[in-house]
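Architecture at a glance
So the chains spell out like this:
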Amino acid sequence: MVLLKNGTVVEDTLADVSAAEQVPENGGILVSVAQWQEHRDALIQRSDPLGIVLRSDEKPELIADDLQYFGVIALDFPAFGDGRAYSSARLLRERFSYPGELRAVGDVLLEQLHFMNRVGFDAFAIKSDDAVRDWEIAAADISVWYQPSSDGRVPATQLRHNKN
Amino acid sequence: MYRYDEFDNRLVTERVEQFRRQAERRLAGELTEDQFKPLRLMNGLYLQLHAYMLRINVPYGALSAQQMRQLAHVARTYDKGYGHFTTRQNIQYNWIQLKDVPDALADLAEVEMHGIQSSGNCIRNTTSDQYAGVAKDELEDPRVYCEIIRQWSTLHPEFSFLPRKFKIAVTGAPNDRAAVKLHDIGLRMHRNEAGEAGFEVIVGGGQGRTPFVGKTIREWLAPENLLSYLEAILRVYNFDGRRDNKYKARIKILVHQVGADEFRRRVDEEWEQIKDSALKLPQEEIERINSYFAPPDYAQLEDNTELLASQRAANGEFDAWVSANVADHKVPGYAIVNISLKSLRLPPGDMTAAQMDAVADLADEYSFGELRVNHRQNLVLADVPQGDLLALWEKLAALDLATPNIGRVSDIIACPGLDYCALANARSIPIAQEINQRYQDMDRVNDIGDVTINISGCMNACGHHHVGHIGILGVDKRGKEFYQFTLGGSSDQNASLGDRTGPGFPGDEAVDAVETILNTYLKIRNEGERFLDTYRRVGMPPFKEALYGAS
């Protein structure tokens, strides 16, 4: 498993403690929504990097008022076909103006990177021998977009209008 | 019709190359069939009982003559010389080999066709009225909005992994020929009190094992808000639709479980947030797309009823064909011609490559080079001068494409059934052919008049049995094919689901049961009453008694 961010492999500085019984006092961590709700005050006091994981059945409204505390929001894909996190990503970016890292975790496939990137993901925890090559393939496959989305890419409808 | 510009062309070409790489990885063994499955499904490639099946979209059923010739070329080059038109206005090739699929897709891309989103849990081909643009009862051309939806839904990044497949249909006329109440979303254009055209939005219709007629969640929607409202519906469904059981994952189950009012509340709450976003359709964009659907260059003709009447009087077969297969056109002197794909020789919806080529030529000669596919698996030539009807009929007859049975007993919708499909429990095509065989006497057929028989080979209902006036469902009963009957279904503006008659019939008695049902109708109908109207008037008892004996 490697962490691909903005097209390069980076070191993951956050320990995923979302399934752990204890939340460690120090070090960068990724917590669950339940942990956040239970230890919110203590977690805010920590100075180390903090991220949160949303399961696919947890809507972004649950944390919408607290986004300033998270450097990373990880959205889980329990299976590649569970597409709820695509909607969550758009809401986080477009409705709640979340500016930090949006990370896809779980069953993340090469063929989905393009769609994920379009809805606002900038980081991907992916199983791959060569994640950078995978990213380059996914990013170059399709160069036409029909819909406005979180990535700000200009859709064909707008490009046609600009030409006239 | 719509023509691709540089953007549409680039997307489809890139997509073919992407799939070519994926298919090469599969053929080289780098991908297992399991890993390959989601990739091929995104391009319309299924694995069926005997072979791969490739489904190609015909957007809202519109085909140019050139596209039809390319479909013939694909049938001839990569398949066994046939294609099968489906109830979603698409075409399927049932004998394609994986190694040939990238080439077939590349050939189709040359004529602006593809299989993107013809399968998978995404927004499928948007379907419409086969008489769009030429129907007398139409308010506005629905194809304009179908094309806008086609573009918006193509590779939609948020909605490509929905709980289940998602089908949208649009009609611009009060007489619904697109079955909009049986779709995940149905859009019916009508005027509000201010006289402005907009959409009634119907959600949660569908067939399958749990059929529902859709529910109206918005009486009138301004066209400029079409995409934001669709996006709100899709987002609610993407979040809230069930993902624990694929048989309960369609939007109809969600709408049924939470109720139409609660579903509407959720959609409206979401829509409030996005209705003024970049999705708002500028009038110029609607007009830009509309210009693609400008009427063809019609000649100044008059309705020549006398000539047609004398031609019909002189030729009984031509007369029967005009009665059943020709519909009124909004422009004087023109007619809409339905081409029946329900002859005795081929399964419903099937066409040979030679027929496709010939029909393309006829479209060029008589109908401005365009064709349509309808959801009852027939074709339409939408713009034929009335004075050419006789000549066209003669040529169609020579191609075995002039069966005068549109809307009649042998105009049967049938799924591929156990002859092809891995899901089926029973065969559909032989039952359809046997009914067709039994009703060859056209006087008898015309006496029975309007009746739709729909046949599905399993409860997934691809043959639309729930909404056939007479529905036939094939089931497996201890290794034997049995056929259950429903009566009173309809997919039009007064849509209804059929009622079960009772126990099913073995395969060799199924067509006798059809005859019993129709004979009962003939006995008890009032003057001028269609089968469906008779059933709605008298209900099940007389049919039940005829089928099963007095209780």
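Computed from a prediction, not measured in an experiment: that's the story for all the values here. By convention here, each chain's residues receive numbers from 1 onward along its written sequence. Just so you know, chain letters begin at A and ligand numbers begin at 1, following the order they were written in. Since the coordinates come from a predicted model, pLDDT governs what is reported: local features require at least 70, and pairs of side-chain atoms require 80 or more to be given and counted, while whole-chain, interface and lining totals use all residues.

1. As for the overall build of chain A
Think of it this way: any DSSP run of H or I at least four residues long counts as a helix, any run of E at least two long counts as a strand, and we number them from the N terminus. Scanning chain A from N- to C-terminus turns up 5 helices and 8 strands. Along chain A, helices and strands appear, N-terminal first, in the series β-β-β-β-α-β-β-α-β-α-β-α-α. Radius of gyration: over C-alpha atoms. The globule rule applied is 2.2 Å multiplied by the number of residues raised to the 0.38 power. A compact globule built from 164 residues should have a C-alpha radius of gyration of about 15 Å, and chain A, at 17 Å, falls within 12% of that. Across its three principal directions, the C-alpha atoms of chain A cover 55 × 35 × 30 Å. Any residue whose C-beta has 12 or fewer other C-beta atoms within 10 Å is treated as exposed, any with 20 or more as buried, and any in between as partly exposed, C-beta atoms being built from the backbone. Burial status across chain A gives 38% buried among its 164 residues. By the convention adopted here, residues are in contact when the distance between their C-beta atoms, placed from the backbone, does not exceed 7 Å. Look at the contacts in chain A between residues 6 or more apart in sequence, and 50% of them connect residues 24 or more apart.

2. Looking at the domain arrangement of chain B
Residue and element names in this part refer to chain B. An automatic or database domain assignment supplies the residue ranges for each domain. In terms of domain boundaries, chain B breaks down into domain 1 (6-110), domain 2 (134-292), domain 3 (305-398) and domain 4 (413-548). A separation of 33 Å is found between the C-alpha centroids of domain 1 and domain 4. Opposite the 5 residues of domain 1 that make contact, domain 4 presents 7 residues. Each residue belonging to the side of domain 1 that touches domain 4 can be placed in one class, and the counts come to 1 nonpolar, 4 polar and no charged. Residue polarity is assigned by list, with Asp, Glu, Lys and Arg as charged and Ala, Val, Leu, Ile, Met, Phe, Trp, Tyr, Cys and Pro as nonpolar; anything else, Gly included, falls into the polar class.

3. Things to note about the pairing of strand β18 (residues 470-477) of chain B
Residue and element names in this part refer to chain B. Bridging between strand β17 (residues 453-456) and β18 involves 4 bridges; their strand directions are parallel. Bridging across to β18, Ile455 finds its partner in Ile472. The rule for pairing is simple: two strands pair if DSSP sees at least two bridges between them. Direction of pairing for β18 relative to strand β19 (residues 480-487): antiparallel, over a ladder of 8 bridges. From the neighbouring strand, Gly474 faces β19, where its bridge partner is Tyr483. In this structure, the hairpin formed by β18 and β19 is closed by a connection of 2 residues, where Arg478 is found at a positive phi of approximately 50°.

4. What about the packing of helix α14 (residues 429-438) of chain B against helix α16 (residues 507-524) of chain B?
Residue and element names in this part refer to chain B. Axis definition: a line fit to C-alpha positions, over the contact stretch in the case of helices; interaxial angles, taken between N-to-C directions, run 0 to 180 degrees. Relative to each other, α14 and α16 sit at 50°, their axes nearing to 10 Å. By the angle between their directions, the pair α14 and α16 is classed as oblique. You can see that α14 and α16 cross each other, and the crossing is right-handed. Between α14 and α16, the residues in contact are Ile431, Glu434, Ile435 and Arg438 and Ala510, Val511, Val514 and Glu515, respectively. Here is the rule for angles: anything less than 35 degrees is roughly parallel, anything more than 145 is roughly antiparallel, 65 through 115 is roughly perpendicular, and the remaining ranges are oblique. Less than a right angle of anticlockwise turn of the near helix away from the far helix marks a crossing as left-handed, whereas a clockwise turn marks it as right-handed.

5. Looking at the packing of helix α6 (residues 226-240) of chain B against helix α8 (residues 260-274) of chain B
All names here are of chain B. Running from amino to carboxyl end, α6 crosses α8 at an angle of 130°, the nearest separation of the two axes being 8 Å. By the angle between their axes, α6 is oblique relative to α8. Seen along the crossing, α6 lies across α8 with a hand that is right-handed. For the pair α6 and α8, the contacting residues are Ser228, Tyr229, Glu231, Ala232, Ile233, Arg235 and Val236 in the first and Arg266, Val267, Glu270, Trp271 and Ile274 in the second. The class makeup of the residues in the contact of α6 with α8 is 7 nonpolar, 1 polar and 4 charged.

6. As for the sheet that holds strand β1 (residues 45-47) of chain B
Residues and elements named next belong to chain B. Strand order in the open sheet made by the 5 strands is β1-β2-β5-β4-β13, with antiparallel pairing throughout. The sheet terminates laterally at β1 and β13 (350-352), the two strands that pair on one side only. Between one strand and the next, the sheet's axes are offset by a mean angle of 30°, whatever the strand orientation. Of the pairings in the sheet, the one linking β1 to strand β2 (residues 52-56) comprises 3 bridges and is antiparallel in character. Of the residues in β2, the one forming a bridge with Tyr46 is Met53.

7. Concerning the interface of chain A and chain B
Contacts between chain A and chain B engage 26 residues on the former and 27 residues on the latter. When contributions to the side of chain A that touches chain B are tallied by element, the ones reaching two or more residues are α2 (84-95), α3 (113-118) and α5 (156-163) of chain A. Broken down by element, the side of chain A that touches chain B gets its largest block of residues, 5 residues, from α2(A).

8. Some remarks on the environment of B:Leu497
All names here are of chain B. Here Leu497 lies in the loop between β19 and β20 (499-500). For Leu497, a count of 18 C-beta atoms within 10 Å corresponds to the partly exposed category. As for Leu497 and Val380, which are separated by 117 residues in sequence, their C-alpha atoms are 27 Å apart.

9. Some thoughts on the sheet that holds strand β6 (residues 127-128) of chain B
Residue and element names in this part refer to chain B. Ordered in space as β6-β7-β8-β9-β10, the 5 strands form an open sheet in which the pairing is mixed. Two strands close off the open sheet at either side, each with one partner strand: β6 and β10 (215-221). Alignment of strand β7 (residues 168-171) against strand β8 (residues 185-191), held across 4 bridges, turns out to be parallel. Residue pairing in the sheet places Val170 in a bridge with Leu187 of β8.

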